[in-house]
Amino acid sequence: MWQWLVRLYHRLGSPKWFYEITSRWIPWLVGLSVVGCAVGLVLGLLYAPADYQQGNSFRIIYIHVPAALLAQSAFMMMAVAGAVFLIWRMKMAAWVARSIAPVGASFCLIALLTGAIWGKPTWGTWWVWDARLTSMLLLLFLYFGVMALQRAIESEDASHRAGAILSLVGLVNIPIIKYSVEWWNTLHQPATLKLTEKPSMHPDMLVPLLIMIVTTYVFFALLVILRTRNEVLWHERKRSWVRDLLES
Amino acid sequence: MEFNSFAEFLAMGRHGLYVWLSYGITAVIVVINVILPMMQRRRFLKEQRQRMRRERRNQTGEKQHASST
Amino acid sequence: MSTSFAPDSVDLIARSLYCERDDRVLFQHLDLHVSNGHLLQLAGPNGAGKTTLLRLLAGLNRDYDGELLWKGESLHKVYSEYAHDRLYLGHLAAIKRALSPIENLRWLMSPWMSEDRDHAVSEDQLWGALDQVKLAGYEETPCQQLSAGQQRRVGLARLAIVPTPLWILDEPFTALDVDGVRWLEEQIQRQVGRNGAVVITSHHALQNIPTLVRLDLGALAEQEGLL
Amino acid sequence: MSTSFAPDSVDLIARSLYCERDDRVLFQHLDLHVSNGHLLQLAGPNGAGKTTLLRLLAGLNRDYDGELLWKGESLHKVYSEYAHDRLYLGHLAAIKRALSPIENLRWLMSPWMSEDRDHAVSEDQLWGALDQVKLAGYEETPCQQLSAGQQRRVGLARLAIVPTPLWILDEPFTALDVDGVRWLEEQIQRQVGRNGAVVITSHHALQNIPTLVRLDLGALAEQEGLL
Amino acid sequence: MSLVMATVKRDLLLAARNPGEWLNPLMFFLMVAALFPLAVDPDPKFLSKIAGGVIWVAALLATLLSLDALYKADVEDGSLEQWLASGESLYVLALGKALVHWIASGLPLTLMSPLLGLMMALPDDAFPALLLSLGVGTPVLSLLGAVGAALTAGVRSGGLLLSLLILPLYIPVLIFAASAVYHAGIGMSYNGQIGFLGAMLALAACLTPFASAAALKLNLSR
Amino acid sequence: MSLVMATVKRDLLLAARNPGEWLNPLMFFLMVAALFPLAVDPDPKFLSKIAGGVIWVAALLATLLSLDALYKADVEDGSLEQWLASGESLYVLALGKALVHWIASGLPLTLMSPLLGLMMALPDDAFPALLLSLGVGTPVLSLLGAVGAALTAGVRSGGLLLSLLILPLYIPVLIFAASAVYHAGIGMSYNGQIGFLGAMLALAACLTPFASAAALKLNLSR
Ligand code: HEM
Ligand SMILES: Nc1ncnc2c1ncn2[C@@H]1O[C@H](COP(=O)(O)OP(=O)(O)OP(=O)(O)O)[C@@H](O)[C@H]1O
Ligand SMILES: Nc1ncnc2c1ncn2[C@@H]1O[C@H](COP(=O)(O)OP(=O)(O)OP(=O)(O)O)[C@@H](O)[C@H]1O
Ligand SMILES: [Mg+2]
Ligand SMILES: [Mg+2]
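Residues numbered from 1 in each chain as written. Chains lettered and ligands numbered in written order. Predicted model: local features only at pLDDT ≥ 70, side-chain atom pairs only at ≥ 80, totals over all residues. Heavy atoms only, no water.

**A short note on the interface of chain A and chain B**
1) Next: Counting residues at the interface gives 39 residues for chain A, matched by 31 residues for chain B.
2) Next: Of the roughly 3300 Å² buried at the junction of chain A and chain B (both faces included), carbon and sulfur atoms supply 68%.
3) Next: Our count for the chain A to chain B interface comes out at six residue pairs in polar contact (both at pLDDT 80 or more).
4) Next: Of all the secondary structure elements, the ones that give two or more residues to the side of chain A that touches chain B are α2 (15–47), α3 (61–88), α4 (91–123), α7 (203–235) and α8 (240–247) of chain A.
5) Next: At nine residues, the largest contribution of residues to the side of chain A that touches chain B is made by α4(A). (Contact = heavy atoms within 4.5 Å. Buried area = accessible area lost by both parts, 1.4 Å probe. Polar contact = N/O pair within 3.5 Å; in protein donor to acceptor, adjacent residues only side chain to side chain. Helix = DSSP H or I, 4+ residues; strand = E, 2+ residues; numbered from the N terminus.)

Structure (structure tokens):
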């Protein structure tokens with residue numbers, strides 16, 4: 001078992017192996033994303049019953065919630081990849097971390113924008129300084145910070161490490177930020193507006209949501225892999241296997 | 001099926017604007033995210049192929065130069 | 001202060017060092033052995049990698065392949081002992097312009113001034129060193145009122161105190177006038193003479209030192225076919 | 001482009017210049033006359049005042065006593081004409097690291113590129129100049145990816161375009177390799193040969209130019225008893 | 001004149017190559033504004049009262065901080081020396097640089113402000129006033145700030161010094177602009193304030209380039 | 001350990017020689033706080049409600065701006081290289097530098113705050129809370145900010161970038177501190193908030209020096 005793990009680790013560290021194995025994965029990931037998205041959206045938009053309070057505006061949930069969940073876990077993945085790079089100096093991990101940042105930020109932005117749009121019909125306003133919303137906004141800023149720092153540092157290796165350190169510091173802070181924001185909001189304001197928190201959801205609503213969540217993760221993997229493959233090609237451009245690839 | 005007609009589907013019971021705006025924005029961001037790495041890849045391949053062609057030309061040029069002198 | 005170092009106090013070995021920057025290999029298969037009484041000069045054209053190699057040897061940069069050993073152990077494992085035994089003088093002088101030479105020197109020497117080490121450097125030695133580098137009378141003047149050459153001398157004054165058997169110097173002759181160059185050459189000769197060792201990069205030709213070894217990185221690279 | 005300048009196109013006179021910095025007199029009673037075909041090299045030890053004098057002559061600093069005349073008129077009165085007729089290349093290269101050589105050169109040459117002047121510099125000339133300084137193929141690469149020497153060459157490419165009869169150059173040989181030095185020497189010879197004039201500070205020994213005049217500021221200061 | 005045009009073009013190119021130059025102030029603007037609901041009170045009713053002032057303070061600080069870099073790079077790499085060597089007018093250069101600064105900081109900030117207005121529950125009526133006051137007021141900030149940037153270009157850690165020099169000069173702009181937004185919010189006319197801002201803009205556009213030019217010369221004759 | 005002590009001493013000496021280093025943030029603090037009455041509403045009743053939050057926002061921004069210079073000079077002049085060459089612990093250095101930063105910025109700011117409280121009509125009961133929250137909170141700001149300063153020490157025009165990195169991390173401090181002052185003002189207990197600030201301080205003092213040390217190494221091995 002241990003041996004196998006070590007072998008896997010070394011393989012993961014090999015850019016060539018990564019490129020070749022993902023070449024085989026990509027068609028599957030594309031297929032899964034398309035099918036999942038089609039099924040989820042058809043079920044969600046056409047077959048799920050309208051919410052008794054919010055009417056059809058609740059159908060935004062099928063993008064809002066998956067995006068929000070993903071944005072949070074993507075940051076964690078970025079930080080973990082960064083830590084792997086810092087500790088074991090595995091270049092692949094740095095490239096993965098750099099690829100995650102813009103994708104995670106995009107999903108964060110989607111969650112924020114769809115949430116804001118959803119707020120208008122539900123709460124009558126685009127934005128309130130609710131705890132969830134605020135902490136999501138801060139998460140977006142954290143993403144931007146990591147990206148800006150990576151861009152600003154000229155030396156490649158230093159920029160990877162700086163990004164990793166910042167995402168780790170951010171990771172430690174996310175729970176603190178989240179907790180403090182929640183605490184702050186409940187203190188200042190009696191909960192006038194709340195995200196709908198119904199204990200149980202109708203299965204016709206729930207199933208498409210679950211499908212969409214899984215699909216979003218698959219799609220995220222696809223995007224990160226696409227970006228990482230570019231990094232691999234760029235960094236290995238002088239190696240023979242990339243040259244062979246270019247010849248063909 | 002929750003909707004009886006396509007128009008009703010579009011209207012989303014008065015919330016059409018919000019729902020379709022959300023889905024539209026999401027679609028745009030997703031498409032950008034798909035297209036950017038693909039464009040990047042295409043640019044990379046083009047540049048590298050050019051570079052390799054240039055290098056090869058230089059090499060053969062040098063060889064010819066060497067043989068002529 | 002001892003006037004000569006123990007015969008086994010310097011023992012720095014590099015084995016098949018390999019280093020690349022920006023996709024260019026600077027050197028590979030590089031072997032080195034620096035021990036007591038050695039003077040090693042790194043030479044080569046601009047951008048050949050002299051500073052890079054010097055910083056590797058000083059332990060300031062870990063971005064290389066190969067082995068670096070100090071007294072038989074991995075340099076980075078015994079780093080704090082190594083740091084206490086070698087003096088590194090880089091491109092940058094680490095001089096604060098608002099402080100006076102003596103204040104700057106006190107900070108620079110502080111690792112060797114703590115009481116608990118043997119041969120701790122004393123305050124008097126600092127003043128004596130400034131005197132040696134012709135800064136007598138300027139000890140309390142803010143450095144921003146000194147010329148470029150005088151500022152460099154503040155850093156060089158450390159060489160007059162000699163707490164360490166190994167010196168690693170990057171272009172120490174920069175901005176020095178003729179007198180200063182002569183003084184520095186003498187210091188290097190003395191250090192080698194008393195069984196210490198010096199690794200130096202300089203475009204300046206060093207003379208009169210029998211053990212001088214020149215390592216030409218440019219020639220090396222050509223030989224290895226790296227250009 | 002004319003291959004030679006009119007015989008009266010350079011006429012720069014300094015009369016009894018006096019300049020002090022930080023209460024130290026750098027030079028006094030300094031007289032100069034630069035005209036067509038002249039090559040004037042300012043020499044002297046570090047801190048002698050070479051750069052200071054060069055900047056005075058270039059009209060970049062007014063902190064002096066005495067007279068500076070261009071074609072018989074006060075230099076600062078006819079400054080915009082003077083500026084169009086002389087090229088100043090300072091310590092600093094004015095290169096933006098994020099921009100490519102051609103973009104940088106376009107900005108540097110823009111004063112000579114406006115349509116309303118005669119002999120306006122064309123876009124083709126810029127590319128040709130970069131070719132001359134061995135930057136062909138790098139025209140569109142961001143300068144941060146170029147080596148220090150290559151970056152200096154972007155600024156030097158201006159000399160290959162030659163729109164001005166008078167050149168004022170501060171340490172132009174900095175960071176150049178052997179080939180580059182030779183190329184620059186040729187340019188200076190050509191400029192003098194076609195009846196232009198050059199004022200230069202450099203620690204590099206200039207040769208083969210019959211009209212070379214060396215002005216040693218160190219010797220001058222000693223003579224005037226300024227040290 | 002061609003060097004001015006070339007400089008404006010080059011600086012815009014640089015901003016395009018290095019998006020941080022204009023994105024960072026924008027982010028800072030958003031974040032500073034976001035501090036207030038967190039520090040004071042997130043109640044929309046309360047926020048809508050202070051929104052105009054807070055947005056303007058954030059805009060002012062973001063402008064201020066982005067000014068630090070305006071001339072510094074040019075002084076350090078010798079561009080400014082080349083400018084002086086060219087014999088062309090420093091007055092026009094100073095104007096050009098202020099313009100570029102506004103395009104890269106004031107303009108995106110103005111365009112972004114409605115978003116902040118939404119988040120801070122700015123009254124609907126106040127949006128045009130917010131846009132207008134920022135559109136007319138931020139160029140004044142750029143022009144005035146450019147003088148400070150020119151003065152401190154040669155100074156290490158000039159950022160804070162710059163703030164100290166310039167903040168007092170920004171006060172009149174802040175007062176008129178914030179009052180315009182406030183009055184618009186309570187349904188009153190705000191033509192007077194915008195008029196004043198316009199007058200300040202005209203004045204600043206004519207006069208500050210002189211001061212900037214003088215300050216730049218001072219950096220050069222070292 | 002002696003190099004750390006020497007560095008702390010030297011940096012304090014430098015601050016004493018160059019008073020701008022600690023006076024500028026102080027002035028900035030005063031000015032930012034002074035902008036609000038001008039931009040929003042000078043009515044004392046209104047001010048007294050927002051005073052705590054505004055003072056804290058001003059303190060936060062002043063700290064942020066003074067952080068930019070924390071490591072920059074040391075990286076540029078080679079001091080940091082000498083540090084690494086000495087083989088002593090970067091962890092302790094980072095702690096020492098944060099301490100110096102706090103002594104030169106957070107401490108004077110805390111001592112100055114009652115003056116601002118008076119100017120902003122802070123309720124009398126809230127003064128102890130203001131002092132206490134600043135006293136415990138500003139060291140956290142220095143510690144967290146030092147990480148950002150170390151990360152951006154090698155970056156040109158890092159000032160704004162630093163703000164972008166660090167502001168989100170400052171939010172919890174701001175929330176707890178402002179709420180402590182607010183609660184004290186309305187006569188409620190604020191022990192909980194101060195306790196949280198203390199916990200954050202302990203956490204930051206233990207953890208951030210690791211991050212700073214890693215970030216500093218990155219600046220060195222270029
Ligand atoms: C800009 C505004 C908004 C943001 C940033 C936002 C953010 C989030 C986040 C981060 C989550 C995931 C929470 C988690 O489980 O970890 C979430 C879930 C959710 N949001 Fe939003 N939201 C916004 C607006 C709204 C609005 C207006 C509604 C509907 C009235 C809404 C309804 C929901 C629902 C139903 C969930 C799933 C419930 C749950 O899993 O707890 N959101 N949102
Ligand atoms: N931070 C860096 N990132 C990438 N490449 C670098 C970096 N620093 C140096 N290099 C490259 O490494 C090579 C060697 O640099 P180094 O400073 O060691 O040269 P050197 O021999 O000391 O030259 P000099 O004689 O100019 O001091 C150069 O080609 C340079 O471009
Ligand atoms: N900004 C300044 N303020 C005060 N004194 C200055 C300034 N710049 C230069 N000096 C002084 O003027 C003198 C001449 O400086 P200058 O730069 O002209 O010397 P240089 O001959 O060009 O030397 P180098 O060979 O090092 O280039 C020096 O002693 C220097 O200390
Ligand atoms: Mg070197
Ligand atoms: Mg000079």
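**So, a positive patch on the surface**
1) Next: On the surface, A:Arg89, A:Lys91, C:Arg62 and F:Lys217 cluster together to form a positively charged patch.
2) Next: Tracing the backbone through its elements, the reader meets A:Lys91 in helix α4. (Patch = residues over 30% accessible without salt bridge, like charges linked within 9 Å, V, L, I, M, F, W, Y side chains within 5 Å. Areas by Shrake-Rupley, 256 points an atom, 1.4 Å probe, with all protein chains shown as cover. Salt bridge = Lys/Arg side-chain N within 4 Å of Asp/Glu carboxyl O. Lys, Arg positive; Asp, Glu negative; His and termini not counted. Charge placed at Lys NZ, Arg CZ, Asp CG, Glu CD.)

**Overview of the coordination of the iron atom of ligand 1**
By definition of the ideal shapes, four donors in a tetrahedron about a metal sit 109.5 degrees apart, and six donors in an octahedron sit 90 or 180 degrees apart.
1) Next: Within the protein, a single donor atom binds the iron atom of ligand 1, namely A:His64 (NE2) at 2.0 Å.
2) Next: Relative to the helices and strands, A:His64 resides in helix α3. (Donors = N, O, S within 2.8 Å, 3.2 Å for Na, K, Ca; no water.)

**Digging into the packing of helix α4 (residues 69–77) of chain E against helix α6 (residues 90–119) of chain E**
Residue and element names in this part refer to chain E.
1) Next: With their axes 10 Å apart at the nearest point, α4 and α6 run at an angle of 125° to one another. Put simply, α4 runs oblique to α6. Only Ala 94, Lys 97 and His 101 of α6 make contact with α4, whose side of the interface consists of Leu 70, Tyr 71 and Asp 74.
2) Next: When its residues are assigned to classes, the contact of α4 with α6 shows three nonpolar, one polar and two charged. (Axes fitted to C-alpha atoms, helices over the stretch in contact; angles between N-to-C directions. Parallel < 35°, antiparallel > 145°, perpendicular 65-115°, else oblique. Nonpolar A, V, L, I, M, F, W, Y, C, P; charged D, E, K, R; others polar.)

**Quick look at a nonpolar patch on the surface**
Residues and elements named next belong to chain B.
1) Next: On the surface, Val 28, Val 31, Ile 32, Ile 35, Leu 36 and Met 39 cluster together into a nonpolar patch covering about 520 Å² of accessible area.
2) Next: Within the secondary structure, Val 31 sits in helix α2 (residues 16–68).
3) Next: On the accessibility criterion, Val 31 (44% relative accessible area) is partly exposed. (Buried < 20%, exposed > 50% of the residue type's maximum accessible area, 1.4 Å probe, protein only.)

**Some remarks on the interface of chain E and chain F**
1) Next: In this complex, chain E contributes 36 residues to the contact, which on the side of chain F involves 36 residues.
2) Next: Roughly 3100 Å² is buried in total at the junction of chain E and chain F, and carbon and sulfur atoms are behind 85% of that figure.
3) Next: Among the residues of chain E in contact with chain F, E:Leu35, E:Leu160 and E:Leu164 are the three that bury the most area, contributing 20% of the side total.
4) Next: At the boundary of chain E and chain F, one finds zero salt bridges.
5) Next: Applying the counting rule to chain E against chain F returns zero residue pairs in polar contact (both at pLDDT 80 or more).
6) Next: Of all the secondary structure elements, the ones that give two or more residues to the side of chain E that touches chain F are α2 (20–39), α3 (44–67), α4 and α8 (158–185) of chain E.
7) Next: The class makeup of the residues in the side of chain E that touches chain F is 29 nonpolar, five polar and two charged.

**So, the sheet that holds strand β7 (residues 166–170) of chain D**
Residues and elements named next belong to chain D.
1) Next: Pairing is parallel across the open sheet formed by five strands, whose spatial order is β6-β7-β8-β3-β9. Strands at the two margins of the open sheet, each flanked by one partner only, are β6 (86–89) and β9 (212–216). Ignoring which end each strand starts from, the neighbouring axes of this sheet average 15° apart.
2) Next: Both β7 and strand β8 (residues 197–201) contribute to a ladder of five bridges, which runs parallel. Among the inter-strand pairings, Asp 170 is bridged to a residue of β8, identified as Thr 201.
3) Next: Set on the sheet, helix α1 (residues 50–58) makes contact with β3 (39–43), β6, β7, β8 and β9; between it and β7 the angle comes to about 155°. (Pairing = 2+ DSSP bridges.)

**A short note on the relation of the copies chain E and chain F**
1) Next: Of the transformation placing chain E onto chain F, the axial shift is 0.1 Å and the rotation is 179°, giving an RMSD of 0.1 Å. The transformation just described matches what one would write down for a two-fold rotation axis.
2) Next: Of the residues that chain E buries at the interface, 100% are likewise interface residues in chain F, meaning the two copies contact each other through the same surface. (Least-squares fit on C-alpha atoms with pLDDT ≥ 70 in both.)

**Regarding the packing of α2(A) against α7(A)**
Residues and elements named next belong to chain A.
1) Next: Two elements in contact, α2 and α7, have axes whose closest approach is 8 Å; the angle formed by their N-to-C orientations is 150°. Taken as axis vectors, α2 and α7 run roughly antiparallel relative to one another. Judged by the sense of rotation from one axis to the other, the crossing of α2 with α7 is left-handed.
2) Next: Residue composition of the contact of α2 with α7, grouped by class: 22 nonpolar, eight polar and one charged. (Left-handed = near helix turned anticlockwise from the far one by under 90°.)

**Some details on the environment of F:Ala73**
Residue and element names in this part refer to chain F.
1) Next: Locating Ala 73 in the fold gives a position in helix α4 (residues 69–77).
2) Next: Residue classification places Ala 73 among the partly exposed positions, given a relative accessible area of 28%.
3) Next: Sequence separation of Ala 73 and Ala 153 is 80 residues, and the distance between their C-alpha atoms is 8.4 Å.

**Comments concerning the packing of aromatic side chains**
1) Next: Within this structure, the stated rule accounts for 19 aromatic pairs over all chains.
2) Next: For the ring pair A:Tyr179 and F:Phe196, a centre distance of 6.0 Å and an interplane angle of 45° mean the geometry is tilted. Within this pair, whereas A:Tyr179 is found in helix α6 (residues 156–188), its partner F:Phe196 is found in helix α9 (residues 191–220), the two belonging to separate chains.
3) Next: Overall, A:Tyr179 belongs to the partly exposed group, its relative accessible area being 44%.
4) Next: On the basis of relative accessible area, F:Phe196 is assigned to the partly exposed category, the value being 31%.
5) Next: In this structure an aromatic cluster arises from ring pairing among A:Tyr179, A:Trp183, F:Phe176 and F:Phe196. (Phe/Tyr/Trp six-rings, centres within 6.5 Å; stacked < 30°, edge-to-face > 60°.)

**Quick notes on the pattern of salt bridges**
1) Next: Counted by the stated rule, this structure contains 27 salt bridges over all chains.
2) Next: D:Arg55 is paired through a salt bridge with E:Glu81; the nearest N and O atoms lie 2.2 Å apart. Within this pair, whereas D:Arg55 is found in helix α1, its partner E:Glu81 is found in helix α5 (residues 79–86), the two belonging to separate chains. Taken individually, D:Arg55 and E:Glu81 each receive the classification buried, so the pair is uniform in this respect.
3) Next: Here F:Asp74 and F:Arg10 are joined by a salt bridge, their closest N and O atoms 3.5 Å apart.

**A closer look at helix α1 (residues 50–58) of chain C**
Given 3.6 residues per helical turn, the α-helix brings residues three or four places apart onto the same face.
Residues and elements named next belong to chain C.
1) Next: Among the nine residues in α1, eight count as buried, and that is most of the element.
2) Next: Of all the residues in α1, the buried ones are Lys 50, Thr 52, Leu 53, Leu 54, Arg 55, Leu 56, Leu 57 and Ala 58.
3) Next: Within two residues after α1, Gly 59 carries a phi angle of roughly 85°, on the positive side.

**Some thoughts on unusual backbone geometry**
1) Next: Positive phi, close to 50°, is recorded for C:His29, a residue that is not glycine.
2) Next: Checked against the element boundaries, C:His29 lands in strand β2 (residues 24–35).
3) Next: Judged by its relative accessible area of 54%, C:His29 is exposed.
4) Next: The backbone of D:Asn195 shows a phi angle near 80°, a positive value even though the residue is not glycine.

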